[in-house]
Amino acid sequence: MVSSNGGSSVICEKCPGNMNGVSQDGWNCIICPKGLTSEGKCKCLNDEILVERSVDGVLLDEALCIRCNGSEQSFSAPDASGNRCVRCEQTFINVSKSCDCNSPNTLTGGLCFSATESLPPKALPTVRFGQLGITLRSAWFLKNLQSSASACLLYSNLTACQALGNMCVMNMNSLSSSNTDACGLFQYIYINTARLGNVHSIAYWRQNLPWLYYGDQPGLASQVLEANNFPSIFSFKGTDKDVKLQFVAASFDAAGNFLKWQGLEGGILQLCPDTQTKLNAAYAFGTTYQQSCKISLSKILLEFANPVFYDLFLEYNGDDGQQYLWAVPVLNLNLQYSEMFVNQGVNMNNWLLTRRFFLVDALSGKENDLGKLPRVIRIASKITISIRLVSHTQRGTIYPPLVTIAYTDVLVQNPETQSVMVSFSVSYEMNQSEAQVQTDITLGVLGGLAVLWSLLKTAGWKRRTGNSVIDLQTLFKFLLFYAGDLANVFFIITVGTGIYWLVFFKAQQFVSVLLPLPSEEEDFVTYIACAFSLKALQFLQLLVSQLTIDIFFIDWERPKGKVLKAVEGEGVIKSAAAPVSIWRTYFIANEWNEIQTMRKINPLFQVLAVLFFLEVVGFSNLALMDSSSSLTRGSESYIAPWSRILRFGVAAALWLAIALIQILFFSVFYERFIEDKISQFVDLCCMSNISVFLLSHSCFGYYIHGRSVHGHADTNMEEMNMNLKREAENLCSQRGLLPNTDGQTFQISISRKMRLHYDRIHETLMRKRGPARLLDSSANTFEQSTRAYNTMNKFLSSFIDHVHKEMDYIVKDKLLLERILGMEFMEPLEKSLFYNDEGQSFSDVLYYGNETTLLIFDILFFSVVDLASQSFVLAAILTYLQQEIFRFIRNTLGQKNLASKTLVDERFLI
């Protein structure tokens, strides 16, 4: 080479014939006396060094091969490059008093061992990659395993012992009694160096050896992890040392050289790149941390060409103010003990804990040449640091942390296109068995009470239907009642649980409780699913019952005077009673139709308000699995994963709070000072001279007494105003059914005789449902319907007026226990019973009287959608849509039932 500036342009010339070689730097030609390498450069014998220049740097015409003096005077030998004579390795001098390791001495790994010394068993330089089913001879192990083991055993060489330990770690710390691989040799040396004693009185840490195992037998994990508490406390609010996990690691290279002590902050164990703030958030106490990404194999090979091994410790301050280190155990899921993956089970007593670990091993998978790409690399694809809280602690005491690592073996084929998924997480847990037992007890007690309550409801239902026979229908009705009551039990338990964890976890300073793990939330999610399913069944049953009620509007208006009327077919004009206007009945029917789906809350406002507080104000941040109780998070802050229990707790608490505020506002202010549609409907019935007769069961229902105290309501504006004035001045009788009372609403329990008579008329009424069109109907159909309507109106009005002595009724007050239990103790055998009802409970056949059921159903629907989608926005949208859909169904079918039962033409219901 005659010209090169470090660029792509290089000028070369051929050496003259008398100079057969090229100098080591490539710039000159030189004579090589002992032959050439494959690159055309000079070479010498193994115990010689190559000299191409004189002492002052002048190039020699002919290279020299000078033999290093290995005698006792110098003990020199060629260095690794073959350019200098250096003192030979001490083991050669010790064994042979020279730089040669001749037979019967043993040369291995560049070290010389005497034939009289007791060497370790012959090493098996293989690495087992169990996931791929590959066992290969490692070039690194072949070069260093036997020598490291021998130097460690015979000379207690610290670096050799560390290197041997690292090779065992690269073999996943796997142990087998019939194997002499790296871990087998380590165990052999561990047993044969018992005389050296232990480090820091730790039984598992032999002097001069690295600490790799917590004992050589499975079953000691529970002692390591639970026998002693970590001697420091943690809090959610306090100094740095109280709120952060101070992990430090001692790091070593593959050859066993100590590198440095370092903290884990800055992403030392996190293979996924991220900002410094988010990486360091992993060690904030109480913050559940999850990070995962996909990394290309080429990047891993570039950044982790040489493996680094870590011994992990947790730093704490002792009572004397000094800093101490607590060794952190490792659970290697790839470890095999007697060919079994003992660490992959859930039974802690079978685990074999270890100490040292690495992130990436691209060294042991090299088969023949350490300078080439490895055939297989091993990557720590899943690292989890588990923090367990001591039960019944009030001061944030924890057990020793545990690092769980799962490695992935990757067969290197095309690094540029290959990638591997890696994750890093920090989880916090505590023994939840006590909470589970308390939940089970609560569920059992409340479930038992729900059975009794459902039985009472069923008994009340049987009384109201007038049927005393226990049949299949009774059993079915009991199951429906029980479904609704059990849904309430599940709802109470889940809401109580969610709010409990929300308050006690987020508000605590000294840690006493930790959130359940996602796997431990499964029972909670199951309870929510059960509550929703059962509440949906109750809601549908409620919908069906409201859509099938019997209702009739009793018109008390009587004809005023007579009119002349032509008799069809006879050509004769006769006088007849003046017809009574039907418009009042249509008016009342329309008002009833309007209040069918009226609620005590505004559903749209409810959904928007909940969504506003969750997403805009930031209450949703309370559902994050971290220690912060702040409603805001910075854009650079780490966002912890959601807790399903906290999500439900926050959403349910907000939904209930906003609904309660709405109901209080509606009841205390709106209904009192602005508009009370239920009371207004009762007033309107009285002003219209129309009563409402409702039957929600065969023999039970409600009665709204709307008989006008003025005798008639079909009048002009002047007379109407005069009537209202007289009533305001108490110049007329009171509106009540009984004289001198104001009671207009009643719960009614009618006799079987009364019901049978009602059904006979009702059958005629139902036979024809009115004209199909206003101008296209047969006279016969119209007359039948009119007669049936008039018959029912006459019968019910006469029943109210006590005309039918055999079907009479009495008015009384309900007993307190009857009101509490929602049932009637007396059976209406001879006479029907009218119970005074100041609470206007006829709203039970409307949405208005079932707000609790509707509210719980909405909350559960919202929560189920949110838990499935992890989106409050989607849950809000779908909740409002289902409200509107069911409201439309209730309005449409309710309107049809109203038209069918009252003979009010549906086209007049607007």
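Residue numbers restart at each chain and count upward from 1, following the sequence in its written direction. This being a predicted model, a pLDDT of at least 70 is required before a residue's local features are given, and a value of 80 or more before pairs of side-chain atoms are given or counted; all residues contribute to the totals for chains, interfaces and linings. Hydrogens are left out, water is left out, and the side-chain values use all remaining heavy atoms of the structure.

1. Examining the state of the cysteines
Move 1: Two cysteine sulfurs form a disulfide in these notes if their separation is within 2.5 Å. Tallying each qualifying case throughout the model produces eight disulfides.
Move 2: In this model Cys 68 forms its disulfide with Cys 85; the gap between the sulfur atoms is 2.0 Å. The sign of the -85° torsion about the S-S bond sets the Cys 68-Cys 85 disulfide as left-handed. With Cys 68 in the loop between strand 6 (59-67) and strand 7 (76-78) and Cys 85 in strand 8 (residues 85-87), the pair connects residues that are 17 residues apart, well separated along the chain. To qualify as a helix, a DSSP run of H or I must reach at least 4 residues; to qualify as a strand, a run of E must reach at least 2; elements of each kind are numbered from the N terminus.

2. Some points on the packing of aromatic side chains
Move 1: For Phe, Tyr and Trp, where Trp contributes only its six-membered ring, two rings pair if their centres lie within 6.5 Å, and the inter-plane angle classes them as stacked under 30 degrees, edge-to-face over 60, or tilted in between. Under the defined criterion, the tally for this structure stands at 57 aromatic pairs.
Move 2: Note on Phe 539 and Phe 886: the rings are 4.9 Å apart at their centroids and 90° apart in plane angle, and the pair reads as edge-to-face. Note that Phe 539 is positioned in helix 11 (residues 522-546) and Phe 886 in helix 21 (residues 872-902), a separation of 347 residues in sequence. Side by side, Phe 539 and Phe 886 carry an identical accessibility label, which is buried.
Move 3: Look at Phe 693 and Tyr 758: their rings are 5.9 Å apart centre to centre, the planes differ by 40°, and that puts the pair in the tilted class. Separated by 65 residues along the polypeptide, Phe 693 in strand 27 (residues 690-695) and Tyr 758 in helix 17 (residues 752-767) bring together distant segments of the chain. Comparing Phe 693 with Tyr 758 shows no difference in burial state: the two are buried.
Move 4: Put simply, the rings of Phe 230, Phe 234, Phe 236, Phe 285, Tyr 316, Tyr 324, Trp 326, Tyr 428 and Phe 505 touch in pairs and so form one group of aromatic residues.
Move 5: The ring of Phe 510 carries Arg 395 above its face, with NZ or CZ at 4.1 Å from the centroid.
Move 6: Over the aromatic face of Trp 642 sits the side chain of Arg 647, whose NZ or CZ is 4.5 Å from the ring centroid. Throughout this description, buried means an accessible area under 20% of the type-specific maximum (1.4 Å probe, protein chains only), exposed means over 50%, and partly exposed covers the range between. Distance and angle both matter: a charge sits over a ring if NZ of Lys or CZ of Arg is within 6 Å of the ring centre and within 35 degrees of the ring normal.

3. A short note on the pattern of salt bridges
Move 1: By definition, a salt bridge exists where a carboxyl oxygen of Asp or Glu is found within 4 Å of a side-chain nitrogen of Lys or Arg. One pass over the full model with this rule turns up 26 salt bridges.
Move 2: Salt-bridge contacts for Asp 485 lead to Lys 457; the nearest nitrogen and oxygen are separated by 3.0 Å. A residue pair is termed long-range when its members are at least 10 positions apart, and Asp 485 in helix 10 (residues 472-506) and Lys 457 in helix 9 (residues 433-465) qualify at 28 residues.
Move 3: For Asp 485, a relative accessible area of 6% corresponds to the buried category.
Move 4: As a salt-bridge pair, Arg 755 and Asp 550 come within 3.1 Å of each other at their nearest N and O atoms. Of this pair, Arg 755 sits in helix 17 while Asp 550 sits in strand 24 (residues 550-555), and the two are 205 residues apart along the sequence.
Move 5: Salt bridges linked by common partners bring Asp 550, Arg 755, Asp 759 and Lys 901 together as one network.

4. Looking at empty space enclosed by the protein
Move 1: Buriedness for pockets is judged along seven lines, at least five of which must meet protein on both sides within 12 Å for an open set on the 1 Å grid over protein atoms alone, while cavities are sets there where a 1.4 Å probe fits but cannot get out, and lining residues have an atom within 4 Å of a point. Grid points are joined across faces, edges and corners, and a volume is the space filled by probe spheres set on the points. If you walk through the whole model with that rule in mind, you get four cavities of 30 Å³ or more.
Move 2: In this structure, the largest cavity occupies an estimated 110 Å³ of space.
Move 3: At the level of elements, helix 20 (851-869) and helix 21 are the ones that each hand at least two residues to the lining of the largest cavity.
Move 4: Of all the elements, helix 21 adds the most residues to the lining of the largest cavity, at five residues.
Move 5: Three classes are used, and their members are as follows: Ala, Val, Leu, Ile, Met, Phe, Trp, Tyr, Cys and Pro are nonpolar, Asp, Glu, Lys and Arg are charged, and the others, Gly among them, are polar. Partitioned by chemical class, the residues of the lining of the largest cavity number six nonpolar, two polar and four charged.

5. Examining the confidence of the model for the protein chain
Move 1: Every residue is assigned a pLDDT by the predictor, reflecting its confidence on a scale from 0 to 100. Across the protein chain, the average pLDDT comes to 88, with 94% of residues at or above 70.
Move 2: Confidence over residues 770-778 falls short of pLDDT 50; this stretch has nine contacts with residues more than four positions distant or in other chains. Any two residues whose heavy atoms approach within 4.5 Å are treated as being in contact.

6. Looking at the sheet that holds strand 28 (residues 700-704)
Move 1: Spatially, six strands are ordered 24-27-28-29-31-30 in an open sheet, and the strand pairing comes out mixed. The open sheet is flanked by strand 24 and strand 30 (809-812), the only strands paired with a single partner. On average, each strand axis in the sheet is tilted by 20° relative to the strand beside it, whichever way the strands run.
Move 2: The rule for pairing is simple: two strands pair if DSSP sees at least two bridges between them. Both strand 28 and strand 29 (residues 745-749) contribute to a ladder of five bridges, which runs antiparallel. Counted as the bridge partner of Gly 701 is Ile 748 from strand 29.
Move 3: Angles run from 0 to 180 degrees between N-to-C directions of axes, and those axes are lines fitted to C-alpha atoms, restricted for helices to the stretch in contact. This element, helix 15 (residues 677-688), spans strand 27, strand 28 and strand 29 of the sheet and lies at about 125° to strand 27.

7. So, the pairing of strand 14 (residues 258-263)
Move 1: Two strands pair when backbone bridges link them, and strand 13 (residues 247-253) and strand 14 are joined in this way by five bridges, in the antiparallel orientation. Bridging from a neighbouring strand, Phe 252 pairs with Phe 258 of strand 14.

8. Observations concerning the nonpolar core
Move 1: By size, the foremost hydrophobic cluster in this structure holds 143 residues, and its most contacted members are Leu 245, Phe 247, Phe 285, Ile 377, Ile 379, Phe 424 and Phe 862.
Move 2: No other element matches helix 14 (residues 644-674), which puts ten residues into this core.
Move 3: Those residues in contact with Ile 379 that lie beyond four places of it in its chain are Leu 271, Leu 297, Ile 300, Leu 359, Val 360, Ala 406, Tyr 407, Thr 408, Val 410, Val 420 and Val 422.
Move 4: In plain words, nonpolar cores are sets of buried Ala, Val, Leu, Ile, Met, Phe, Trp, Tyr and Cys residues tied together by side-chain atoms within 4.5 Å. If you look at the next biggest cluster of nonpolar residues, it comprises 28 residues, including Tyr 586, Cys 685, Ile 690 and Tyr 848.

9. Here's the deal with the packing of helix 10 against helix 14
Move 1: Look at helix 10 against helix 14: their axes get within 8 Å of each other, and the N-to-C directions meet at 105°. In terms of orientation, helix 10 and helix 14 fall into the roughly perpendicular class. For the pair formed by helix 10 and helix 14, the contact residues are Phe 491, Thr 494, Val 495, Thr 497, Gly 498, Ile 499, Trp 501, Leu 502 and Lys 506 on the first element and Ile 645, Leu 646, Phe 648, Gly 649, Val 650, Ala 652, Ala 653 and Leu 656 on the second.
Move 2: Among the residues making up the contact of helix 10 with helix 14, the classes are represented as twelve nonpolar, four polar and one charged. Working rule for angles: under 35 degrees goes down as roughly parallel, over 145 as roughly antiparallel, 65 to 115 as roughly perpendicular, anything else as oblique.

10. Some points on the pairing of strand 17 (residues 323-327)
Move 1: Two strands pair when backbone bridges link them, and strand 16 (residues 308-317) and strand 17 are joined in this way by five bridges, in the antiparallel orientation. Within strand 17, the residue paired with Asn 317 across the bridge is Gln 323.
Move 2: Following strand 16, the chain reverses through five residues before pairing antiparallel with strand 17; Gly 321 in that reversal takes a positive phi of roughly 85°.

11. Re the environment of Ser 23
Move 1: Assignment of secondary structure puts Ser 23 in the loop between strand 3 (21-22) and strand 4 (29-30).
Move 2: Assessed through its relative accessible area of 0%, Ser 23 is described here as buried.
Move 3: Expressed as a C-alpha distance, the spacing of Ser 23 and Glu 52, which sit 29 residues apart in the sequence, is 7.3 Å.
Move 4: Look past the residues within four positions of Ser 23 in its chain and what remains in contact with it is Asn 28, Ile 30, Lys 41 and Glu 52.
Move 5: A polar contact of 2.6 Å, which involves the side chain of Ser 23, links it to the side chain of Asp 25. Any pair of N or O atoms that falls within 3.5 Å is considered a polar contact. Within protein, one atom must be able to donate a hydrogen and the other to accept it, and sequence-neighbouring residues count only if both atoms are side-chain atoms.

12. Brief notes about the environment of Leu 547
Move 1: Along the chain, the position of Leu 547 falls in the loop between helix 11 and strand 24.
Move 2: When the C-alpha positions of Leu 547 and Gly 184 are compared, they lie 79 Å apart, and in sequence the two are 363 residues distant.
Move 3: Once you skip the residues sitting within four places of it in the chain, Leu 547 turns out to touch Arg 890, Leu 893, Gly 894 and Asn 897.

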